[in-house]
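Here are the chains, one letter per residue:
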Amino acid sequence: MVAGLAAPLLLATACGGDTGPAAASSGPPEVSAAEAGVVAPAKVEVIAGLTGCEVKIRTEADELREGVCRTKRGDYLVTTFPKEKLKRDWLDAAAVYGGTYLVGTRWVVSAEPAVLERLRPRLGGRIQRLSGIGPSAAPASP
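So, how was this worked out
- Numbers given to residues run from 1 along each chain, matching the order in which its sequence is written.
- Predicted model: local features are reported for residues with pLDDT of at least 70 only, side-chain atom pairs are reported and counted for 80 or more only, and whole-chain, interface and lining totals are derived from all residues.
- Excluded from the side-chain calculations are hydrogens and water; all other atoms, namely the structure's heavy atoms, are used.
- Any two cysteine sulfur atoms within 2.5 Å of one another count as a disulfide.
- Helix and strand definitions follow DSSP, with helices as H or I runs of at least four residues and strands as E runs of at least two, each counted in order from the N terminus.
- Within this scheme, the nonpolar core is defined by two criteria: the residues are buried Ala, Val, Leu, Ile, Met, Phe, Trp, Tyr or Cys, and they are joined through side-chain atoms within 4.5 Å.
- Buried, partly exposed and exposed residues are distinguished by accessible area as a fraction of the type maximum, computed with a 1.4 Å probe on protein chains only: under 20%, between the cut-offs, and over 50%, respectively.
- The criterion used for residue contact is that any of the two residues' heavy atoms lie within 4.5 Å.

Caption draft 1: Fine view of the state of the cysteines. Under the criterion given, the structure shown has one disulfide. In this model cysteine 53 forms its disulfide with cysteine 69; the gap between the sulfur atoms is 2.1 Å. Disulfide cysteine 53-cysteine 69: torsion about the S-S bond near -100°, hence left-handed. Of this pair, cysteine 53 sits in the loop between α3 (44-50) and β1 (56-60) while cysteine 69 sits in strand β2 (residues 65-71); the two residues are 16 residues apart in sequence, bridging distant segments of the chain.

Below, the structure written as structure tokens:
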């Protein structure tokens, strides 16, 4: 019986907010998606917000939503998917073109590699390089 009463008390204590001077900051702290507790499927607007972007939605479809971000960090696209399989299908199709992407659960950010490196600490995910198809830029051997 005592154990049953202790659990709610422990939960209430653990969830209590800090009201000390450190809790009263002048603005929202800068945290990554993982630290902020963002779980998939995050909306385009949530992912863009974590990067400091006021996103402009470019595509609204059953398979995906895509938004454009233009920031001091660089330009990038945020694409979210209702199912992980749709994300994998999208990446398979994008492989034809090659490129580098920041990939998370049900989302992809498309940008230049340097921009993705700057966004990764805030969003998490992994950087994925797709090779593309077609002739290589290397000269042919004689």
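Caption draft 2: Local environment of the nonpolar core. Judged by nonpolar contacts, the single largest core of 18 residues is most densely connected at Tyr76, Val109 and Leu123. Counting only elements with at least two residues in this core, the list comes to α3, β3 (74-80), β5 (107-110) and α5 (113-123). When neighbours within four sequence positions are excluded, valine 109 is seen to be in contact with Ile47, Tyr76, Leu77, Val78, Tyr101, Leu102, Leu116, Leu119 and Leu123. Ranked by size, the runner-up nonpolar core spans eight residues in total, among them Phe81, Leu91, Ala94 and Val108.

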